[in-house]
Amino acid sequence: MLKLFILFFLPISNGSAAVFHGKKYVEGEILVKYKSNTTPTFQKQSIENKFGSRRLKKLNTHGLSHVQIPKNRKIDEVIADFRDDPDIEYAQPNYIYKISTVPNDTYYSREWGLKNTAQTISNTGLGGPDSPIATNNPGTVGSDMSLETAWDTVTDCRSVVVAVVDSGVNYNHEDIAANMWDGGATYPNHGYDFVDSTNDPMDKNGHGTHVAGTIGAIGNNGIGTTGVCWRANLMAVRAMDATGSGTSASIVQGIDFAVANGAKIINMSLGGTVFDAAENSAIANARTSGVLVIVAAGNEGTNVDDALTPSYPCKYTQDNILCVAALSQNNTLASFSNFGINSVDVGAPGTNIVSTWPGTHSTITDTLTTGWNFSTTTAGGWGYKSLNFGTATNTLSNPTTYNHTSAQYANNTDDRVWKIFNLSGKSSSVLEFYLMIDSEQNNDLFSIKAKSSTGDPTSGVELDSVSGSTSGTRYPASYDISPFISANTSIGFNFNSNVSITSFGVNISAFSIKSLAPNNITYNVISGTSMASPHVAGLAAMIFAYNPNFNYTDVLNSIKNGGIANPSLAGKTVTGKAVNATNALAYINPPIGGAAVKLP
Amino acid sequence: MKIFILFFAIMGNLNAQIHRKKAEYLITTNQSGSESEIATVIREKAEIKPIGSNRYLIKFEEDPGLDKLNRLMKSKKWLIQPNLKSHKF
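Residues numbered from 1 in each chain as written. Chains lettered and ligands numbered in written order. Predicted model: local features only at pLDDT ≥ 70, side-chain atom pairs only at ≥ 80, totals over all residues. Heavy atoms only, no water.

A. Just the sheet that holds strand β27 (residues 564-565) of chain A, in detail. Residue and element names in this part refer to chain A. Strands sit in the order β8-β9-β7-β11-β13-β14-β15-β28-β27 across an open sheet of 9 strands; the sheet is mixed. Two strands bound the open sheet, and with one partner strand each, they are β8 (191-193) and β27. Two strands pair when backbone bridges link them, and strand β7 (residues 156-166) and strand β9 (residues 231-238) are joined in this way by 7 bridges, in the parallel orientation. From the neighbouring strand, valine 164 faces β9, where its bridge partner is alanine 236. (Pairing = 2+ DSSP bridges. Helix = DSSP H or I, 4+ residues; strand = E, 2+ residues; numbered from the N terminus.)

B. Fine view of the side chain of A:Ser512. All names here are of chain A. On the secondary structure map, serine 512 appears in strand β26 (residues 505-526). By relative accessible area, which is 9% here, serine 512 ends up buried. For serine 512, the residues in contact, after removing those within four places along its chain, are Thr363, Ile364, Thr365, Val430, Leu431 and Glu432. (Buried < 20%, exposed > 50% of the residue type's maximum accessible area, 1.4 Å probe, protein only. Contact = heavy atoms within 4.5 Å.)

C. Representation of empty space enclosed by the protein within the structure. All names here are of chain A. On inspection of all chains with the given rule, the structure shows 2 cavities of 30 Å³ or more. Computed from the structure, the largest cavity encloses a volume of approximately 60 Å³. Along the walls of the largest cavity sit Glu111, Trp112, Gly113, Leu114, Thr214, Thr226, Gly227, Val228, Asn352, Ile353, Val354 and His535, which together make up its complete lining. Residues of the lining of the largest cavity, tallied by class, amount to 5 nonpolar, 6 polar and 1 charged. Roughly 50 Å³ of volume is contained in the second largest cavity. Its residues placed into classes, the lining of the second largest cavity shows 6 nonpolar, 3 polar and 1 charged. (1 Å grid on protein atoms, 1.4 Å probe; cavity = no way out; pocket = protein on both sides within 12 Å on 5 of 7 lines; lining within 4 Å. Points joined across faces, edges and corners; volume = space filled by probe spheres on them. Nonpolar A, V, L, I, M, F, W, Y, C, P; charged D, E, K, R; others polar.)

D. Structural context of a negative patch on the surface. Among the surface-exposed residues, B:Glu24, B:Glu47, B:Glu61 and B:Glu62 lie close enough to one another that they form a single negatively charged patch. Along the chain, the position of B:Glu47 falls in strand β4 (residues 46-50). (Patch = residues over 30% accessible without salt bridge, like charges linked within 9 Å, V, L, I, M, F, W, Y side chains within 5 Å. Areas by Shrake-Rupley, 256 points an atom, 1.4 Å probe, with all protein chains shown as cover. Salt bridge = Lys/Arg side-chain N within 4 Å of Asp/Glu carboxyl O. Lys, Arg positive; Asp, Glu negative; His and termini not counted. Charge placed at Lys NZ, Arg CZ, Asp CG, Glu CD.)

E. Fine view of the sheet that holds strand β3 (residues 23-28) of chain B. All names here are of chain B. Across the sheet, 4 strands lie side by side as β4-β5-β3-β6; this open sheet has antiparallel pairing. The open sheet terminates on both sides in strands that have one partner only, identified here as β4 and β6 (79-82). For this sheet the average axis-to-axis angle between neighbouring strands, irrespective of direction, equals 25 degrees. Sheet topology places β3 next to β6; 4 bridges connect them, and they run antiparallel. Looking at the pairing, isoleucine 27 lines up with isoleucine 80 of β6. Lying over the sheet, helix α2 (residues 35-42) contacts β3, β4 and β5 (55-60), oriented at roughly 150 degrees with respect to β4. (Axes fitted to C-alpha atoms, helices over the stretch in contact; angles between N-to-C directions.)

F. Examining the packing of helix α5 (residues 248-260) of chain A against helix α6 (residues 277-288) of chain A more closely. Residue and element names in this part refer to chain A. Relative to each other, α5 and α6 sit at 5 degrees, their axes nearing to 9 Å. Classified by the angle their axes make, α5 and α6 are roughly parallel. Residues Ile251, Val252, Ile255, Asp256 and Val259 of α5 lie in contact with α6, whose contacting residues are Ala278, Glu279, Ala282, Ile283 and Ala286. Here the contact of α5 with α6 is built from residues that sort into 8 nonpolar, no polar and 2 charged. (Parallel < 35°, antiparallel > 145°, perpendicular 65-115°, else oblique.)

G. Broad picture of the domain arrangement of chain A. All names here are of chain A. Partitioning chain A into domains gives domain 1 (7-97), domain 2 (126-352 + 527-587) and domain 3 (362-518). With centres defined by C-alpha atoms, the gap from domain 2 to domain 3 works out at 37 Å. Across the boundary between the two partners, domain 2 contributes 6 residues, which contact 8 residues of domain 3. Counting the surface lost from both domain 2 and domain 3, the interface buries some 460 Å², and carbon and sulfur atoms represent 64% of this. When the area that domain 2 buries against domain 3 is broken down by residue, the three leading residues are Lys204, Ala242 and Thr243, summing to 77%. If you look at where domain 2 meets domain 3, you find 0 salt bridges. Remark: the boundary between domain 2 and domain 3 carries 1 residue pair in polar contact (both at pLDDT 80 or more). Considered class by class, the residues forming the side of domain 2 that touches domain 3 number 1 nonpolar, 1 polar and 4 charged. (Domains from an automatic or database assignment. Buried area = accessible area lost by both parts, 1.4 Å probe. Polar contact = N/O pair within 3.5 Å; in protein donor to acceptor, adjacent residues only side chain to side chain.)

H. Molecular detail of the pattern of salt bridges. Residues and elements named next belong to chain A. Counted under the stated rule, the structure contains 22 salt bridges over all chains. The salt bridge partner of glutamate 77 is arginine 73, with a shortest N-O separation of 3.8 Å. Judged by its relative accessible area of 39%, glutamate 77 falls in the partly exposed class. The exposure class assigned to arginine 73 is partly exposed, which follows from its relative accessible area of 29%. One salt bridge connects glutamate 462 with lysine 449, and the closest N-O pair in it is separated by 3.6 Å. With a gap of 13 residues between them, glutamate 462 in strand β23 (residues 461-469) and lysine 449 in strand β22 (residues 445-451) connect regions that are remote in the sequence. Judged on exposure class, the residue glutamate 462 and its partner lysine 449 are both buried. Three or more residues are tied together by salt bridges with common partners; here these are Asp193, Asp196, Lys204 and Arg238.

I. The state of the cysteines, seen in detail. Residues and elements named next belong to chain A. As enumerated under the stated definition, the model contains 2 disulfides over all chains in all. The disulfide partner of cysteine 157 is cysteine 229, and the S-S distance across this bridge is 2.1 Å. Looking down the S-S bond of the cysteine 157 and cysteine 229 bridge, the torsion is -85 degrees, so its handedness is left-handed. Within this pair, whereas cysteine 157 is found in strand β7, its partner cysteine 229 is found in the loop between α4 (207-216) and β9, the two being separated by 72 residues in sequence. Like cysteine 229, cysteine 157 is buried. One disulfide bridge connects cysteine 314 with cysteine 323, the sulfur atoms lying 2.1 Å from each other. As the torsion about the S-S bond is roughly -100 degrees, the cysteine 314-cysteine 323 disulfide counts as left-handed. Assigned by exposure class, cysteine 314 and cysteine 323 land together as buried. (Disulfide = S-S within 2.5 Å.)

Here it is, written out as structure tokens:
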């Protein structure tokens, strides 16, 4: 239940509430602080000389008075007049304060990033596929973003469109649906899908829905989680596929779409290790439109500033980018989080984050020992083979004598192996396996094939075709096979060699298919700088909502300057600070004519 | 030169080099150029898809290599880059 214990800064008998710069105050009343060289008599007379105002009470001996202003005068005009008086230090509305606004959402008690009570984060009842990490779980009381007091000021961010450039969003989720962007008739599904070029940005991975929920899951609705913003305006921009992978093209189009359709904030919990000129240019265009881009630092645990371990978009230099590192529950930099004193700006909660999820997952793990169909043109082509990768591991290998030391595949092969899987009822499926290959580059090709009907998938779609060498290590490969979902999904591997040069061949191990069955009631707990970034994007939305005249620089300054010094971030980030919502909002709201004052 | 994709970021293996047959590139034409003009310039068989103003996604069934494409476009003030992969964090 929402606690709404309203405490007035002063005992007021009949004043009603109004809003000044987004904050509630008592109508018809202000506080005025005279300079110390003025006398009480002078102060009283001075007040009465201004529009017939009346001093209700002298609040202290240092010149602070509680003043009633005429009913026919606007408060901002009166305050401006008082402020212009050289004898007055400051004048401000008589603000109304409340004690801690606490939402009633079921899993709010697990959202340590919003309120850290040293609770142990579990996944019990969430329905999602992941488990919390044990390190620093539980953490430290108070190591959070200080949102309960910030929510006294702002919970509704609907005036600010936040684009989630990610794997899409389950816009039907029970805890998100009402907070989705209205794209009108052109974009009826609240965004766009730049992976498949459709207007349906439904999440087929889970990552984007989790990010969206952290920014703006509906707060205080009695179910699920709460976002940093209780009410939000979330634009779904699908730029990553079911495997959680995107391209320059999909991401650039996503950024352009967000900017063109009114987003003030873009969250990008994604990245790569190569400078991407097109992506960099798109973010520069976003800057021209005044759009703030919040990005994740990356999860390699390395220094982004190091030329050998860069992370983009974090390392781009546009001043509309805010790069976020992940903090763990005890307020220290998470072990996986990237850092960089020149590139990474702030830290935010990023481990064991509970948020919304687009459905339940299931995994088919194939033993690679039975059920595969073989069609080989040469003796000793594809076959089952147990290899020792530290432990005995079942593989599909070509040649069947594969040992990566001496046995070699034949020339002129057209060897095929495939199997049928029942994926009915799934909304998305991802094929994962380890690949080890040594073949004549460009000539002897290993191909992955798929189709949605039974039989040899050679006639289907080629997902990939590779040659060369993985140099004796196993490469983790993953492919989105969602387009081929059926009761008879056929997955196959071809190996085609030419007339010359052979090598060790190819083997496949750890074969699995992970599928998502959609629903609107699932939640999940995951970790990453991806989870830290949307905490800050939500805060940025609060700040924009609180002061709509602010530009992205104002918001960035509020976040950076409102942060709390954190020893684990010192020397590893630009500010050395963890974000703090209460301070960030207080930072932008100094009393008129005076110095900044923190909210209680 | 062929495009060698380094998977060290994922594998932690600096030596692993495998080559993909297919390849995708982005071309930014800077106020000039069109799909037909790009098709003429790059010569190779490819799918050309506009993805915003002056930007095109080029999909090759067989990778001609960035060096070759740069040579073919030398007379044009166009920018070309691989369609790079990003990943969720």
